[in-house]
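Okay, here's what each chain looks like letter by letter:
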Amino acid sequence: MILTRYRIIALAALVALSAIPVHGAGAGYKALRERMVKRQIEDRGVKNPAVLEAMKEVPRHLFVPERYRSEAYEDHPLPIGLGQTISQPYIVAFMTELLQLKPGDRVFELGTGSGYQAAVASRVAGEVFTVEIYRELAASAEARLAGHGYSNVTVREGDGYFGWEEKAPFDAIIVTAAADHIPPPLLEQLRPGGRLVIPLGGPFSVQQLVMVNKDLKGRISERGVMLVRFVPLLGH
Ligand code: SAH
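Presented here is a report on the structure given in the accompanying data block. Keep in mind it's a predicted model, so treat the numbers as computed, not measured.

As for the overall build of the chain
Inference 1: On a plain count of helices and strands, the chain comes out with seven helices and nine strands.
Inference 2: Put simply, of all contacts in the chain between residues at least 6 apart along the chain, 53% involve residues at least 24 apart.
Inference 3: As displayed, the chain offers around 11600 Å² of accessible surface, 57% of which is attributable to carbon and sulfur atoms.

Here we look at the site of the ligand
Inference 1: Near the ligand lie 25 residues; those nearest to it are Ser-114, Glu-132, Asp-159, Gly-160 and Leu-234.
Inference 2: In the model, an oxygen atom of the ligand is placed 2.6 Å from a nitrogen or oxygen of the Glu-132 side chain.
Inference 3: Considering the ligand on its own, with 580 Å² of exposed area, one finds that the protein chains cover 100% of that surface.
Inference 4: Those elements that place two or more of their residues in the shell around the ligand are β2 (84-86), β3 (106-110), α5 (116-122) and β4 (127-132).
Inference 5: The dominant element in the shell around the ligand, judged by the number of residues it contributes, is β2, at three residues.
Inference 6: Looking at the shell around the ligand, its residues break down into 11 nonpolar, 11 polar and three charged.

What to know about the nonpolar core
Inference 1: Residues Ile-41, Met-55, Phe-63, Leu-101, Tyr-116 and Leu-209 are the most contacted members of the largest nonpolar core, which totals 52 residues.
Inference 2: It is helix α4 (residues 89-98) that provides the largest number of residues to this core, a total of seven residues.
Inference 3: Among residues more than four places away in sequence, those in contact with Leu-209 are Phe-94, Met-95, Leu-98, Val-197, Ile-198, Pro-199, Arg-223, Gly-224, Val-225, Met-226 and Val-228.
Inference 4: Listed in part, the 17 residues of the second largest apolar core include Phe-129, Ala-179, Ile-182 and Leu-190.

Quick word on the side chain of Asn-152
Inference 1: Here Asn-152 lies in the loop between α6 (135-147) and β5 (153-157).
Inference 2: Within the structure, Asn-152 has its side chain in polar contact with the backbone oxygen of Ser-122 (distance 3.0 Å).
Inference 3: At 3.0 Å, the side chain of Asn-152 forms a polar contact with the backbone oxygen of Gly-126.
Inference 4: Setting aside residues up to four positions removed in sequence, Asn-152 forms contacts with Ser-122, Arg-123, Ala-125, Gly-126, Glu-127 and Val-128.

Remarks on α4
Think of an α-helix as 3.6 residues a turn; residues three or four steps apart then line up on the same face.
Inference 1: A large share of α4 lies buried, amounting to nine of its 10 residues.
Inference 2: What α4 keeps buried is the set Pro-89, Tyr-90, Ile-91, Val-92, Ala-93, Phe-94, Met-95, Thr-96 and Leu-98.
Inference 3: Downstream of α4 by a residue or two, Gln-100 has a phi angle that is positive, lying close to 50 degrees.

Concerning the packing of aromatic side chains
Inference 1: For the structure on display, the rule yields eight aromatic pairs.
Inference 2: Look at Phe-63 and Tyr-150: their rings are 6.3 Å apart centre to centre, the planes differ by 70 degrees, and that puts the pair in the edge-to-face class. One end of the pair, Phe-63, is in the loop between α3 (49-57) and β1 (78-81); the other, Tyr-150, is in the loop between α6 and β5, with 87 residues separating them in the sequence.
Inference 3: Among the residues examined, Phe-63 registers a relative accessible area of 1% and is labelled buried.
Inference 4: Owing to a relative accessible area of 4%, Tyr-150 belongs among the buried residues under this scheme.
Inference 5: On the basis of an interplanar angle of 70 degrees and a centroid distance of 5.2 Å, the ring pair of Tyr-161 and Phe-162 is categorised as edge-to-face.
Inference 6: Exposure remark for Phe-162: the relative accessible area of 43% places this residue in the partly exposed category.
Inference 7: Feature note: the residues Phe-108, Phe-129, Trp-164 and Phe-170 constitute an aromatic cluster, connected by ring pairs.

Reading guide: rules and limits
Residues numbered from 1 in each chain as written. Predicted model: local features only at pLDDT ≥ 70, side-chain atom pairs only at ≥ 80, totals over all residues. Heavy atoms only, no water. Helix = DSSP H or I, 4+ residues; strand = E, 2+ residues; numbered from the N terminus. Contact = heavy atoms within 4.5 Å. Areas by Shrake-Rupley, 256 points an atom, 1.4 Å probe, with all protein chains shown as cover. Near = heavy atom within 4 Å. Polar contact = N/O pair within 3.5 Å; in protein donor to acceptor, adjacent residues only side chain to side chain. Nonpolar A, V, L, I, M, F, W, Y, C, P; charged D, E, K, R; others polar. Core = buried A, V, L, I, M, F, W, Y, C linked by side-chain atoms within 4.5 Å. Buried < 20%, exposed > 50% of the residue type's maximum accessible area, 1.4 Å probe, protein only. Phe/Tyr/Trp six-rings, centres within 6.5 Å; stacked < 30°, edge-to-face > 60°.

Honestly, it's all geometry; don't read function into it.
Spelled out as structure tokens, the structure:
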């Protein structure tokens, strides 16, 4: 009797597993996404409910080149062309949580890439302004974001080192390419009380992910939070 019950449970588990296609319909991807959020993100300590919800909702497989779709929910970055990458899901969630975004916040991102980080942030904040230096990437991210209803994300081609003065000040700024210093224009465009997250260090080594706070008097403080590996900042 007990054996039979175990067999039924084992069979049910098998059926459940085989119901998660790697290629295929949206429902399969949703299950992969939920598993990704549980194992790669929640189990590593990301707690902000709005960030977890956004990570469960944004269809990461639509932000990677078609030939990498089957790997979209795996625990690593993926190539997006022109030598650039879409970050590991955990890093996207971790950085978004660090920004302590609230509905209504205005966010600036340096390094649109695929548009995935901007899409996630747009689900937690009010508006996202993102700049990408490669024309091809800016154009494809813009079309992708518009096509999937991320109407509160605005993409521009350009050198994000200089921020986006006309849209400033920002409540939060996220830099998704490694720099050897914090671009001064970004500090200027950060609102008092705002947060900025940036990987600082050499282009071909690990970098320190640095959390920068600007207090209400405009004073800047910094702390390192994690070692990361990002593609280098270009331009400037
Ligand atoms: N946030 C992206 C991944 C970033 S990869 C995503 O979610 O997919 C880093 C991106 O920054 C690359 O696309 C690269 O072309 C871009 N980049 C590098 N230097 C830049 C600069 N100075 N201004 C704007 N974009 C830059």
